[in-house]
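# Fold and contact review
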Amino acid sequence: METMVESTVQLERFGYLPVENVQALASKNLDNIPSRYIRPEIESDVVSADESLQIPVIDVSKLDHEDEQKKLHFACKDWGFFQIINHGVADEIIEQMKTDAQEFFDLPLEEKMVCAQVQGHIEGYGQVFVVSENQKLDWSDMLFLIGQPVHLRDTRFWPTNPSSFRETMDKYTTELHKVMIQLMKLIAKNLGTDPEMLLSLFENEIQAIKMNYYPPCAEASKVLGASPHSDATALTLLLHANEVEGLQIKRDQKWVPVKPIPGAFTVNVGDMLEILSNGEYKSIEHRAVVDPEKERLSIASFHNQKMGTQIGPLPDLVKTNKALYRTIPVEEFRKMKLTSKQDGKFMIRKMKL
Ligand code: OGA
Ligand code: NI
């Protein structure tokens, strides 16, 4: 695959503050972890122990039936989170993606640093974007890559070790794009808007992959792998890439742990879809906790409107209802997102009228 950085549409360039590699920090087995990782506020958080409280499960192979379509509508509206089964993505592709990601994070630090974030770019291996010196830090490292469209890929940041990584990413992103389109078609139907109109925003979508690596932490109950946030995307498809759980979603002021079904993807409504749906669907805050003994790996696929389009409530949905959010170009939305501290529903706060 050749390098494809030359393109008419340039991705944003921003500066972030460099922070320590967490996997390396964790391997020092310090008695006390640095205070920038300690979150006193999480001690008083309520985590639901009610095992019956689980996000809905949607069977993609049944989505030609009205019942399952209604279930999808309810999942988007009432939960903002659900798992999808029978989604049609081949097991081999999923398993290969998991293996390649694990092998990458298992490499010695110097070898991973070949793909390190560089000043001014959003992609690469490093930590979640830090914008201020006093910001609390997440107990995680990540590899962030633009997967689609192909001409926006910046292969400088794409690992060549393991050797199958790039080819796997290509297949994986292609397959997940298809699943997203399939869901979006039905979401349009469920919202009562023209599917062609909605799909035209996503056909050449910007699809980004974020591989999250959460090292074990001796003080796991005092840190967060991912701070509470909503995704700025339209839809996120998350793969739990090893057997360790950690995702929690906010529902009725409680944190509800997600119990991943083997082979399923966890899907969530992001800020963009909340805005497009004029608030009918809600983007939900979520976070990741870490395990005291085991590393955790997850792979998020973020699906965003293509460049050159406007983000705002869909025209069909504001014919009789008042628009609840502003309409702005995707480029402006991305710029706002990438220069903000990504906490809570930060993009929704900026877009609400
Ligand atoms: C994310 C995210 C959760 C997880 O990457 O945006 O919310 O479980 N990840 O890793
Ligand atoms: Ni997220």
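Residues numbered from 1 in each chain as written. Chains lettered and ligands numbered in written order. Predicted model: local features only at pLDDT ≥ 70, side-chain atom pairs only at ≥ 80, totals over all residues. Heavy atoms only, no water.

## Focus: the overall build of the protein chain
Counted only if it meets this: The secondary structure listing takes helices from DSSP runs of H or I that are at least 4 residues long and strands from runs of E that are at least 2 residues long, numbered from the N terminus. Per-residue accessibility, obtained with a 1.4 Å probe over protein chains only, is compared with the maximum for each type, and a residue is labelled buried under 20%, exposed over 50%, and partly exposed between these values. What makes two residues a contact is simply this: any of their non-hydrogen atoms within 4.5 Å. What sets the accessible areas is the Shrake-Rupley method with a 1.4 Å probe; for residues, cover comes only from the shown protein chains. For the purpose of charge, His is not counted, nor are the chain termini; Lys and Arg are scored as positive and Asp and Glu as negative. Think of each charge as sitting on NZ of Lys, CZ of Arg, CG of Asp or CD of Glu.
From N to C terminus, the protein chain includes 9 helices and 14 strands. Dimensions along the principal axes, computed over C-alpha positions, put the protein chain at roughly 60 × 50 × 40 Å. When each of the 353 residues of the protein chain is scored for burial, the buried share is 57%. Within the protein chain, counting contacts between residues at least 6 apart in sequence, those at least 24 apart form 79% of the total. Roughly 15,300 Å² of accessible area belongs to the protein chain as shown, and the carbon and sulfur atoms make up 52% of that amount. Here the protein chain carries 40 positive and 52 negative side-chain charges, and the mean point of each set is 6 Å from the other.

## Quick notes on the sheet that holds strand β8 (residues 247–251)
Going by this rule: Criterion used throughout: strands pair if DSSP finds at least two bridges between them. Inter-axis angles, ranging from 0 to 180 degrees, are taken between N-to-C directions of lines fitted to C-alpha atoms, where helices are fitted over the stretch in contact.
Read from one edge to the other, the open sheet built from 4 strands follows the order β6-β11-β8-β9, with strand pairing classed as antiparallel. The open sheet has two edge strands, β6 (226–229) and β9 (254–257), and neither has a second partner. Direction aside, the axes of adjacent strands within the sheet are offset by 25 degrees on average. Across 4 bridges, the pairing between β8 and β9 is antiparallel. Note on β9: the bridge partner recorded for Ile249 is Val256.

## Digging into the sheet that holds strand β12 (residues 296–304)
Within the open sheet, the 8 strands sit side by side as β1-β2-β10-β7-β12-β5-β4-β3. Their pairing is mixed. For this open sheet the edge positions go to β1 (57–59) and β3 (124–126), each flanked by a neighbour on one side alone. Across the sheet, the mean angle from the axis of one strand to that of its neighbour is 25 degrees, orientation sign disregarded. With 9 bridges joining them, strand β5 (residues 206–214) and β12 adopt antiparallel strand pairing. Bridging across to β12, Ala208 finds its partner in Phe302. Relative to the sheet, helix α2 (residues 66–79) contacts β1, β2 (81–85) and β10 (265–269), its axis offset from that of β1 by approximately 150 degrees.

## Structural notes on the packing of helix α3 (residues 91–106) against helix α5 (residues 165–191)
Worth spelling out the cut-off: Relative orientations are named as follows: roughly parallel for angles under 35 degrees, roughly antiparallel for angles over 145 degrees, roughly perpendicular for angles from 65 to 115 degrees, and oblique for any other angle. Left-handed describes a crossing whose near helix is turned anticlockwise from the far helix through less than a right angle; right-handed describes the clockwise counterpart. Each residue receives one of three labels: charged for Asp, Glu, Lys and Arg, nonpolar for Ala, Val, Leu, Ile, Met, Phe, Trp, Tyr, Cys and Pro, and polar for the others, Gly being one of them.
Orientation of α3 relative to α5, taken along the N-to-C sense of each, is 135 degrees, at an axis distance of 9 Å. Put simply, α3 runs oblique to α5. Viewed along their axes, α3 and α5 form a crossing whose handedness is left-handed. Every residue of α5 that contacts α3 at Ile93, Gln96, Met97 and Asp100 is listed here: Phe165, Thr168, Met169, Lys171, Tyr172 and Glu175. Residue composition of the contact of α3 with α5, grouped by class: 5 nonpolar, 2 polar and 3 charged.

## Considering the coordination of the nickel ion (ligand 2)
Note the cut-off: Excluding water, the donors of a metal are its N, O and S neighbours within 2.8 Å, or within 3.2 Å for Na, K and Ca, and that exclusion means sites may look incomplete.
Taken together, His229 (NE2), Asp231 (OD) and His286 (NE2) make up the protein donors of the nickel ion (ligand 2), found 2.1 Å from the metal. Taken in sequence order, the residues that donate to the nickel ion (ligand 2) follow the motif H-x1-D-x54-H. Residue His229 is found in strand β6, and its partner His286 is found in strand β11 (residues 286–288); the two are separated by 57 residues along the sequence. Taken individually, His229 and His286 each receive the classification buried, so the pair is uniform in this respect.

## A closer look at the environment of Gln23
Topologically, Gln23 is positioned in helix α1 (residues 22–27). Separated by 28 residues in sequence, Gln23 and Glu51 place their C-alpha atoms 31 Å apart. Setting aside anything within four residues of it in sequence, one finds Gln23 in contact with Phe105, Lys112, Tyr125, Asp141, Tyr213 and Pro215.

## Let's talk about the pattern of salt bridges
The criterion, for reference: We define a salt bridge as a side-chain nitrogen of Lys or Arg found within 4 Å of a carboxyl oxygen belonging to Asp or Glu.
With the rule as written, the count across this model stands at 17 salt bridges. For the salt bridge of Arg251 with Asp78, the shortest nitrogen-to-oxygen distance reads 3.0 Å. Linking Arg251 in strand β8 with Asp78 in helix α2, this pair joins segments that are 173 residues apart in sequence. The buried category is assigned to Arg251, whose relative accessible area is 18%. A salt bridge links Lys319 to Asp316; the nearest nitrogen and oxygen atoms lie 3.0 Å apart. On the accessibility criterion, Lys319 (66% relative accessible area) is exposed.

## Regarding the site of ligand 1
Counted only if it meets this: We define proximity as follows: a residue is near a molecule or strand when any one of its heavy atoms falls within 4 Å of that partner. Polar contacts here mean pairs of N or O atoms no more than 3.5 Å apart (in protein, one a potential hydrogen donor and the other a potential acceptor; neighbouring residues in sequence count only if both atoms are side-chain atoms).
Close to ligand 1 lie Lys210, Asn212, Tyr214, His229, Asp231, Leu238, Leu247, His286, Arg296, Ser298, Ala300 and Phe302, which account for all nearby residues. One nitrogen or oxygen atom from the side chain of Asn212 is found 3.1 Å from an oxygen atom belonging to ligand 1. Within the contact set of ligand 1, an oxygen atom lies 3.3 Å away from a side-chain nitrogen or oxygen of Asp231. Compared with its free state, where it exposes 290 Å², ligand 1 has 97% of that area covered by protein. Elements that contribute at least two residues to the shell around ligand 1 include exactly β5 and β12.

## Some thoughts on the UniProt feature "domain: Fe2OG dioxygenase" (unreviewed entry) in the protein chain
Where we set the bar: UniProt positions are given in the numbering used here, feature names are shortened, and annotations may be inferred rather than shown by experiment.
Feature annotation in UniProt assigns "domain: Fe2OG dioxygenase" (unreviewed entry) to the following positions: residues 205–305. Segment residues 205–305 splits into 6% helix and 45% strand. End C-alpha atoms: 5 Å apart.

## Observations regarding the pairing of β5
Extensive coverage of β5 is indicated by the burial of 9 of its 9 residues. A two-sided burial pattern is seen for β5, the buried positions comprising Ile206, Ala208, Lys210, Asn212 and Tyr214 on one face and Gln207, Ile209, Met211 and Tyr213 on the other. Bridge count for strand β4 (residues 141–148) against β5 is 7 bridges, and the pairing is antiparallel. Across the sheet, the residue bridging to Gln148 is Gln207, located in β5.

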